[in-house]
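Here is how the chains run, residue by residue.
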Amino acid sequence: MAAVSAYLALLTLLQLLDTLKLRHKYELTRVDPQQIKNSEDQVLYLLDFLEILESRPSGDNDPKITLIYAVALALCEVLDIHVVDQIRRAADVKDEGEKWLWAFRVDMIRIIDDFKLTRSFVNENGISELVALPPATQPPLISDPSTSMIKVSGSPPKVVGFEQYVSGIKDELISSHVKSREVISIVGMGGIGKTTLAQLVYNDGHIQRRFEKKHWVTVSQEYDLLRILQGILDNGYCGVVRDLGTTLYHGLKGHRYLIVLDDMWDLRAWEDLRQYFPDDNQGSRIIVTTRDCQLAAGLGSYRAPYNVRFLDKEKSWELFCDRVFGGLCCPRELETLGRQIVNSCRGLPLGILTIAGMLSKSDKTCEYWSYVSKDVASLVNLEDNECCKKILSLSYNCLPLHLKPIFLYIGGFIKGIIKEDNKISLPGLIDPLVALSLVRPLPGKQIHQVAKDYMMELFQRNLIFIRMQDDFGEIYWFGMHDLLRDLCLKEITHEKLFAPLLAEPDGCTMCIMSAKNTFYRVHDSHDINLCGRCEGTSFSSIFWNMKRFSYGRSMEVDLELLIWNSPQLTYLDLLEKTFSVQKEGKVPIIFEELYFLEAKAGVWMREMANTMPSLKNLDLHYFEASNDFTLPPLLKTMFLHESRDIEHLSFPQSLRELRLEYCNISCREVNMLGTLPNLEKLTLYIGDKYDDVWNPIEGGFRSLRELYIFGRFYLIFTFLN
């Protein structure tokens, strides 16, 4: 069992315990608070243990992982059983409450004892001992760049698509007006051709003649400074780091040198090495290849990194034909199938070379190529094509444990939901990541911000790529390469993760959750689909930990009962229905974690607004003066649809984005919006018949960066300053 499965089980358990605290606070479920606190302490310890264990060699094969998973699953089942039992028997709470609580305590004592035994077992090689373990055994360093190339067959592959990069890098290497030592970074995902590009430049005849001393070394994932220095010196030097570093420094001093540091994963490697590279105005250069954009930015160079992109269709075809047909033209009868195969590789050179290597040794028939074209991405990852699989999986295997669930979910999300060319909304993904317990809470930091930070790490590691962003760097859409997606799906299937995402469209959610060896909890009403046998199941009892709820007209659910018994909600869509306020006599529910609300304005919102202190995003329809209410104080984004009497809304000072769609708004009211100190983006849909003339008041909209006006004309203003 992989550590990611146990890690997900613990994260889900942590969220269940957090929900139980809320339910206990509002007298919805009876628990022993001290037992919940003790359980949380054990879970947090085991999360720390897994994160450290995963970073060690062969961490995924440790038997402790299976034990941790089992005890986490057992506690989840105990919580489910007792909470559901209390919800179903809510009418008898006063008479049998103590009896239920006693039974709950007995089961919790048993499970907590299991946690303590598990902790004692893992402490045989616990956290403090793991931290002190020596680094993993390093692979041998490569001093000859030609041996670091991935070879698919005996002949060297033709390199295409790198002409502009080669030209730019060569110009920087031979630039005579820059005498200081300069660092040039090449960034891109695994298999994109970073090493190939560096080799092209390194072996160029002009470059070879220009630099007196040249060294190439592969840094690798877990670097060892001593062995890197030995690799650069490349003469069997022995000794301690300081002696080798001094030898290298004096050997380079006074010479124009070129050093390639290939496959750097950790910025510490550069920070340790830079002192041994003299900067004595000889025009020396250092080339660094890495998958990490953040690492490249930390190298201290004023030059922008060379971000290696996917090949376009024609360059991909050129590379494919050279590899399969040795530079000859593709037979006409195979060209259509061949182009389909190449296009499926989406411009990833390593994927193209791997498939081409396989086809170059097979029968060149339409029947066989048709078979290959049906699922080329899966064929790239066949067991006998370890070349491509190992390179692409390396990026996943080296991920910190806290990023692996998110990366895998994105791959499954694309397979199970996304239909349009692998295009995912970044803002729309953040809340599901939180709701699904894929993000570990960090003390003192809002969990949605933690999720955004984790996504940025995946961008920096080139495991996902940007599809659309604005002039200020805010990312709206992103994607994942198909070959990486297939790696995700293979891992998801093997570990039985995210079952509803990969289930058949008519698969019953309850049946999936009941399947043996499947660990999954539903946190989103969109995931719910019940078969005939399971219909009539109470949403409140079965999905008591649900984080996201969207009401649909076809739902047969007591909405008031569901909402006012779900203080853990983070996302609530009530556009299709309004509901009554809380009944008197109960402890008032505060939605402490509610992040997004979409609803029709109404009198009920007056009380509801006071129950959402943490609301950041509000999508409101049909507002008018008769249903006036106070907006939540921390609101960041607000969309207002088909509303009037805007002056009766007191917008909070925290508001950063506002969109008004077909609202009856005057120019005077628009200028009132200019007093909002933090408003950065304003979108107005004013309709074709709007004839008022807007004269902005001087001094208004001081923070505005983007203004969009849709009406008779379509106007966009971007304020870069």
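Structural notes, computed from the coordinates. Keep in mind the model is a prediction, meaning the values are calculated, not measured.

1. Comments concerning the packing of aromatic side chains
Overall, the coordinates contain 10 aromatic pairs when judged by the stated rule. Centre to centre, the rings of Phe320 and Trp369 are 5.9 Å apart; their planes meet at 75 degrees, and the pair counts as edge-to-face. Of this pair, Phe320 sits in helix 13 (residues 313–325) while Trp369 sits in helix 16 (residues 366–374), and the two are 49 residues apart along the sequence. Side by side, Phe320 and Trp369 carry an identical accessibility label, which is buried. Seen from their ring centres, Phe459 and Phe478 are 5.7 Å apart, and the 80 degrees between their planes marks the pair as edge-to-face. You can see Phe459 sitting in helix 21 (residues 447–460) and its partner Phe478 sitting in strand 8 (residues 475–479), a full 19 residues away along the chain. By the burial criterion, Phe459 is buried, and Phe478 matches it. One aromatic cluster is present, formed by Trp317, Phe320, Phe325 and Trp369 through successive ring pairs. A cation over a ring is seen here: Arg119 above Tyr45, with NZ or CZ 3.9 Å from the ring centre.

2. Here we look at helix 6 (residues 163–174)
Compared with the 16 Å implied by 1.5 Å per residue over 12 residues, the 17 Å span of helix 6 between its first and last C-alpha is a close match. Within helix 6, the full set of buried residues consists of Tyr165, Val166, Gly168, Ile169, Glu172 and Leu173. The elements touched by buried residues of helix 6 are strand 1 (182–187), helix 7 (194–202), helix 8 (205–210), strand 3 (257–264), strand 4 (285–290) and strand 5 (306–307).

3. Let's talk about the nonpolar core
When a protein is soluble and globular, its nonpolar side chains tend to lie buried together. If you look at the biggest cluster of nonpolar residues, it comprises 100 residues, and the most contacted ones within it are Ile410, Met455 and Leu458. Residues contacting Ile410, with those up to four places away along its chain left out, are Ile424, Leu429, Met455, Leu458, Ile464, Phe478 and Met480. Grouped together as the second largest cluster of nonpolar side chains are 50 residues, Met612, Met638, Leu655 and Leu658 included.

Analysis parameters
- Residues numbered from 1 in each chain as written.
- Predicted model: local features only at pLDDT ≥ 70, side-chain atom pairs only at ≥ 80, totals over all residues.
- Heavy atoms only, no water.
- Phe/Tyr/Trp six-rings, centres within 6.5 Å; stacked < 30°, edge-to-face > 60°.
- Helix = DSSP H or I, 4+ residues; strand = E, 2+ residues; numbered from the N terminus.
- Buried < 20%, exposed > 50% of the residue type's maximum accessible area, 1.4 Å probe, protein only.
- Lys NZ or Arg CZ within 6 Å of the ring centre and 35° of its normal.
- Expected span 1.5 Å × (residues − 1).
- Contact = heavy atoms within 4.5 Å.
- Core = buried A, V, L, I, M, F, W, Y, C linked by side-chain atoms within 4.5 Å.

None of the figures reported here should be taken as evidence of function without further support.
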